[in-house]
Amino acid sequence: MSKTPMFSLSAEEDGRSLGTVYSTSSKTLREFGAAYMRDPKTRGEITLKNPEGRVVASFDVWQDKWSETAETFE
């Protein structure tokens, strides 16, 4: 059985892990994460990691959009 590469979306609040969601689609995780962060009750931050485990983006609540890491553009 082959392993399918999975992107991950991790949520943290005050340095405490709130959990991680996995998908083969980074687009799906971005949509899910944006909706999660737009909920007025949500606190903390979320980061999107590629299948190798490197952070590629985080959601900026002040700008209401994903901010890509510098590594994403290389």
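Residues numbered from 1 in each chain as written. Predicted model: local features only at pLDDT ≥ 70, side-chain atom pairs only at ≥ 80, totals over all residues. Heavy atoms only, no water.

Caption draft 1: Structural detail: the packing of aromatic side chains. The final tally for this structure, using the stated rule, is 1 aromatic pair. With a centroid separation of 5.5 Å and 80° between ring planes, the pair formed by Phe59 and Trp66 is classed as edge-to-face. In this pair, the class of Phe59 matches that of Trp66, namely buried. If you follow Arg30 out to its NZ or CZ, it ends over the ring of Trp66, 5.6 Å from the centre. (Phe/Tyr/Trp six-rings, centres within 6.5 Å; stacked < 30°, edge-to-face > 60°. Buried < 20%, exposed > 50% of the residue type's maximum accessible area, 1.4 Å probe, protein only. Lys NZ or Arg CZ within 6 Å of the ring centre and 35° of its normal.)

Caption draft 2: Examining helix H1 (residues 26–38) more closely. In a regular helix each residue adds 1.5 Å, so 13 residues correspond to 18 Å; H1 covers 18 Å between its end C-alpha atoms and thus fits that length. Where H1 is buried, its residues touch strand S1 (7–13), strand S2 (16–23), strand S3 (45–49), strand S4 (55–60) and strand S5 (65–68). (Helix = DSSP H or I, 4+ residues; strand = E, 2+ residues; numbered from the N terminus. Expected span 1.5 Å × (residues − 1). Contact = heavy atoms within 4.5 Å.)

Caption draft 3: View of the environment of Val56. Summarising the element assignment, Val56 is placed in strand S4. Residue Val56 is classed as buried on the basis of its relative accessible area of 15%. Spatially, the C-alpha atom of Val56 lies 8.1 Å from that of Ala70, the residues being 14 residues apart in sequence.

Caption draft 4: View of the sheet that holds S5. Pairing within the open sheet is antiparallel, and its 5 strands lie in the order S2-S1-S3-S4-S5. Every interior strand has two partners, whereas the edge strands, S2 and S5, have only one. Across the sheet, the axes of successive neighbouring strands diverge by a mean angle of 25°, strand direction being ignored. As defined by bridge partners, S3 adjoins S4 across 3 bridges and the pair is classed as antiparallel. The partner of Thr47 across the bridge, within S4, is Ser58. (Pairing = 2+ DSSP bridges. Axes fitted to C-alpha atoms, helices over the stretch in contact; angles between N-to-C directions.)

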